[in-house]
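The lines below spell out each chain.
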Amino acid sequence: MEEKKANLKKYIILITYTLVGLWVVLNLNTVGNIANCIIKVIFPFILGGSIAFILNIPMSFFEKKMSKIKSKKILRTISIIFAIVVIVLVIALVITLIVPRLIEVISLLIENMPYYAEKINHILEEIDTDILDMKNLNINVENMKEQIINQIPNLLNFSISIVTNTISGISNIFIAIIFAIYILIDKERLNTQIKKILKIYIEKKKADRIINIGKEANHVFRKFFTVQCLEATILGMLCIIVMLILRIPYAIPIGVLIGVTALIPVVGAFIGIIVGAILIVSVNPLKVVTFIISVIIIQQIEGNVIYPKVVGNSVGLPGILVLVAVTIGGSIGGILGMLLGVPIATTIYNLLKEKIKKVEGGNKNVNNK
């Protein structure tokens, strides 16, 4: 009788899952819209959790250094303030060094557009007119101005959209920061409460499994971000030193930019190289080749010599899986997906390795018997 009830329960669950899956497949647009609405609502809290995780790393460092302070509340408050100040100072430094240079280069390019158009026209005039129709290829600055004027209404709509999105983004960031501070202030009690809730509503084995997954993910993410920050700092400093020695323009801002973009695995440093090349070409085009070759050499030395000795094998994910994780993460979540893809993949990889070891250990015990 009990067996029949168990089988009936399994069939009911299977049929329910099948019907739900079929409904999802037949109503993908509806499901997508619902998912987008849910994500918009909870996004500030997801962002807040991410900010809390990042701030927790310097906060824990300051707590260890100021452990002589007896009051836990005062220690936690001071540590949070110091952590926020450090992060804000780093962001302000990056913006101060890079953004003015980019604005300068963009302004220079816009200012010289008529000159570039004239040069292109001159080159086209020297090409055989039998091969190319000069009337079609000739660049007319006046026509370009007319086209720009015609696009003004679209630009206004685009500007309004940017302002609206900016206001929404600022409000989300504000909510996220407040939420992150609440998490950090009471993180130990929150951790205990989550464990209790899991053990109340889920079977003990499953609850323990979820807790172990959370611990593994926390360990991997902390190690990954710490390692990436250290590696990015080393790479950025090396680029600045070499560029100063070779007298390459914008050495400090480009070095900082390469260090920041290097936080993104695999493709990050290349983004820094491209932007750096654009900055240099506006001042001294001949130095671009020197810059690219020197940065590639620095990357090879840092990645193959310095990185293994300083930070070891990082999170221990094979190179091919790093590439897969970055590619999939980028396609799903852009730059943020690239950044989070590696630690997520590493967590899954480590859990699978642990599972395989247990299965192999169990098989060995059975064989020995």
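Residues numbered from 1 in each chain as written. Predicted model: local features only at pLDDT ≥ 70, side-chain atom pairs only at ≥ 80, totals over all residues. Heavy atoms only, no water.

Colleague: How should the overall build of the chain be read in this particular structure?
Modeller: A tally of helices and strands in the chain yields 13 helices and zero strands. The proportion of buried residues among the 369 residues of the chain is 25%. Excluding contacts between residues fewer than 6 apart, the proportion of contacts in the chain whose partners are at least 24 apart in sequence is 67%. When the accessible surface of the chain is totalled, it reaches about 25700 Å², and 70% of it is carbon and sulfur. (Helix = DSSP H or I, 4+ residues; strand = E, 2+ residues; numbered from the N terminus. Buried < 20%, exposed > 50% of the residue type's maximum accessible area, 1.4 Å probe, protein only. Contact = heavy atoms within 4.5 Å. Areas by Shrake-Rupley, 256 points an atom, 1.4 Å probe, with all protein chains shown as cover.)

Colleague: I would appreciate a short explanation of the packing of helix 2 (residues 28-65) against helix 9 (residues 204-245) in the present structure.
Modeller: For any two helices packed against each other, the geometry comes down to the angle between their axes and how far apart the axes lie. Interhelical geometry of helix 2 versus helix 9 gives an angle of 75° and a closest axis separation of 11 Å. Classified by the interaxial angle, the pair formed by helix 2 and helix 9 is roughly perpendicular. Facing helix 2, whose interface residues are Phe-53, Asn-56, Ile-57 and Ser-60, helix 9 presents Asn-218, Phe-221, Arg-222, Phe-225 and Thr-226. By residue class, the composition of the contact of helix 2 with helix 9 is four nonpolar, four polar and one charged. (Axes fitted to C-alpha atoms, helices over the stretch in contact; angles between N-to-C directions. Parallel < 35°, antiparallel > 145°, perpendicular 65-115°, else oblique. Nonpolar A, V, L, I, M, F, W, Y, C, P; charged D, E, K, R; others polar.)

Colleague: Looking at this structure, how should I read the pattern of salt bridges?
Modeller: For side chains bearing opposite charge, pairing can occur when the charged atoms are close. This model, assessed by the stated rule, comprises three salt bridges. As a salt-bridge pair, Asp-186 and Arg-189 come within 2.7 Å of each other at their nearest N and O atoms. The partly exposed category is assigned to Asp-186, whose relative accessible area is 26%. In the salt-bridge network here, residues are joined through shared partners; they are Glu-63, Arg-76 and Glu-188. (Salt bridge = Lys/Arg side-chain N within 4 Å of Asp/Glu carboxyl O.)

Colleague: Where do I start with helix 9 in this structure?
Modeller: Helical geometry note: an α-helix holds 3.6 residues per turn, so side chains three or four residues apart project in the same direction. Here helix 9 spans 62 Å end to end across 42 residues, near enough to the 62 Å set by a 1.5 Å rise per residue. One or two residues past the end of helix 9 sits Arg-247, with phi positive at roughly 55°. (Expected span 1.5 Å × (residues − 1).)

Colleague: Mind showing me how you'd approach a nonpolar patch on the surface here?
Modeller: Residues Trp-23, Ile-34, Ile-38, Val-41, Ile-42, Phe-45, Ile-46, Phe-174, Ile-175, Ile-178, Phe-179 and Tyr-182 make up a contiguous nonpolar surface patch of about 1200 Å² in total accessible area. Elements with a contribution of two residues or more to the nonpolar patch: helix 2 and helix 7 (152-185). For the nonpolar patch, the element with the most residues is helix 2, which contributes six residues. Here Trp-23 is to be found in helix 1 (residues 2-26). (Patch = residues over 30% accessible without salt bridge, like charges linked within 9 Å, V, L, I, M, F, W, Y side chains within 5 Å.)

Colleague: Would you explain the side chain of Ser-294 in this entry?
Modeller: Turning to its location among the elements, Ser-294 is positioned in helix 12 (residues 287-311). Excluding anything up to four places from it in sequence, Ser-294 contacts Val-242, Leu-246 and Ile-248.

Colleague: Mind showing me how you'd approach the packing of helix 10 (residues 251-261) against helix 11 (residues 268-281) here?
Modeller: Close contact between helix 10 and helix 11 brings their axes to 7 Å; oriented N to C, the two are set at 160°. Classified by the angle between their axes, helix 10 and helix 11 sit roughly antiparallel to one another. Considering how the two elements wind past one another, helix 10 and helix 11 form a crossing that is right-handed. Note on element contacts: helix 11 touches helix 10 through Gly-268, Ala-269, Ile-271, Gly-272, Ile-273, Val-275, Gly-276, Leu-279 and Ile-280, opposite Ile-254, Leu-257, Ile-258 and Thr-261. In terms of residue class, the contact of helix 10 with helix 11 is built from nine nonpolar, four polar and no charged. (Left-handed = near helix turned anticlockwise from the far one by under 90°.)

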